[in-house]
Amino acid sequence: MSERYAVIGQPVAHSKSPWIHAQFARATRQDIEYGLIEAPLGGFARAADEFRAAGGKGLNVTLPFKEDAFRYCRSVTPRATVACAVNTVKFGAEVSGDNTDGIGLVRDLAGNLGIDLRGSRILLMGAGGAAQGVLGALLEAGVAGLTVANRNEDKARELAARFSGVAASGYAALEGRFDIVINATSAGLSGETPALSSALLARARLAYDMVYGRETPFLAAARAAGVPACDGLGMLVEQAAESFFFWRGVRPDTAGVLRELRGR
Ligand code: NDP
């Protein structure tokens, strides 16, 4: 019988994870079923308990439940501990959790896009769950400098203070040059963009928006300034592959899945 997995979130109907994991399962000959669970706010633990009791083997966790999942797991990996958030839950002898967002971003930047992160100066915009999940992995990748900027500056400062060597700022006070500007805000979902100066954006080598499946104003502004721009679809596929590995011990190939998602 197929082993059952699902993505849990609110909302979750739009998720590409079932399709991605079905491709991984086919390619690696793993017999799994992968569904969607839309849980009410405050209802993560109950929905996860029910899924586990019905034989579920693991969950991907998306907005707004990553911190609930962190508290729910009996054990978590070091990178999930650093992020204080879990995006992958495994139901084995005990309930264990991982966070694959950071490694997903780094694999997309370094592997798929060929960016040399060592020595790069990074501006990370946003201080929510997504920014929190990737800071540790960016530092581990050996970046030369990392600044977190957020609309609510206090949140940027609180996040940066958890790591050594990370600077924090509001948008207006940013200056200098960043090689890579990563938009980890949800601004693009509402057709908005963080208040980054166009001069700073124009000096970047790459503009990366974690939002995927749409041309955000941030990506459009980067392209208009002649800066190479990329959405977060590759990160989505790479974090999914790492989740698949956490559950199944098999690492799926991502290139074909990403190509198909991009419709090439
Ligand atoms: P959160 O709700 O936790 O945080 C939202 C962040 O966006 C905050 O820093 C908030 O700033 C900022 N923000 C929202 N609107 C604006 C705006 N108009 N101008 C400036 N800043 C704004 O969301 P997450 O961090 O969990 O997710 C962020 C995005 O990343 C989502 O769109 C999500 O889809 C995407 N994502 C993509 C992944 C992938 O695999 N590609 C993986 C994970 C996330 P403030 O604190 O000032 O309100």
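Let me begin by describing the structure that accompanies this report. (Residues numbered from 1 in each chain as written. Predicted model: local features only at pLDDT ≥ 70, side-chain atom pairs only at ≥ 80, totals over all residues. Heavy atoms only, no water.)

**A short note on the site of the ligand**
Part 1 of the reasoning: Ala 130, Asn 150, Arg 151, Lys 155 and Glu 192 are the nearest of the 25 residues found near the ligand.
Part 2 of the reasoning: The contact in question runs from an oxygen atom of the ligand to an N or O atom on the side chain of Arg 151, over 2.9 Å.
Part 3 of the reasoning: Here a nitrogen atom of the ligand and a side-chain polar atom of Glu 192 are 2.6 Å apart.
Part 4 of the reasoning: The fraction of the free accessible surface of the ligand (930 Å²) that becomes covered by protein chains is 82%.
Part 5 of the reasoning: Listed by contribution, the elements that provide at least two residues to the shell around the ligand are helix H6 (129-140) and helix H10 (233-248).
Part 6 of the reasoning: Its residues assigned to classes, the shell around the ligand comprises 12 nonpolar, eight polar and five charged. (Near = heavy atom within 4 Å. Polar contact = N/O pair within 3.5 Å; in protein donor to acceptor, adjacent residues only side chain to side chain. Areas by Shrake-Rupley, 256 points an atom, 1.4 Å probe, with all protein chains shown as cover. Helix = DSSP H or I, 4+ residues; strand = E, 2+ residues; numbered from the N terminus. Nonpolar A, V, L, I, M, F, W, Y, C, P; charged D, E, K, R; others polar.)

**Focus: the packing of aromatic side chains**
Part 1 of the reasoning: According to the stated counting rule, one finds five aromatic pairs in the structure shown.
Part 2 of the reasoning: Judged by centre distance (6.3 Å) and plane angle (50°), the rings of Tyr 34 and Trp 247 are tilted. Placement of the pair is Tyr 34 in strand S2 (residues 32-38) and Trp 247 in helix H10, with a sequence separation of 213 residues. Pair check on accessibility: Tyr 34 and Trp 247 agree, each one buried.
Part 3 of the reasoning: Taken together through their ring pairs, the aromatic side chains of Tyr 5, Tyr 34 and Trp 247 make up a single cluster.
Part 4 of the reasoning: The residue whose ring lies beneath Arg 251 is Phe 245, and the NZ or CZ to ring-centre distance is 4.0 Å. (Phe/Tyr/Trp six-rings, centres within 6.5 Å; stacked < 30°, edge-to-face > 60°. Buried < 20%, exposed > 50% of the residue type's maximum accessible area, 1.4 Å probe, protein only. Lys NZ or Arg CZ within 6 Å of the ring centre and 35° of its normal.)

**Considering the nonpolar core**
Part 1 of the reasoning: Among the nonpolar cores identified, the biggest contains 30 residues, and Leu 105, Leu 117, Leu 124 and Ile 182 are the most heavily contacted of them.
Part 2 of the reasoning: The dominant element in this core, judged by the number of residues it contributes, is H6, at five residues.
Part 3 of the reasoning: Listed in part, the 19 residues of the second largest apolar core include Ala 39, Phe 51, Ala 80 and Val 95. (Core = buried A, V, L, I, M, F, W, Y, C linked by side-chain atoms within 4.5 Å.)

**Structural notes on the state of the cysteines**
Part 1 of the reasoning: This structure, assessed with the given rule, holds zero disulfides.
Part 2 of the reasoning: Cys 84 supplies the cysteine sulfur nearest to Cys 73, a cysteine that is in no disulfide, at a spacing of 13 Å.
Part 3 of the reasoning: Here Cys 73 falls in the buried class, since its relative accessible area comes to 10%. (Disulfide = S-S within 2.5 Å.)

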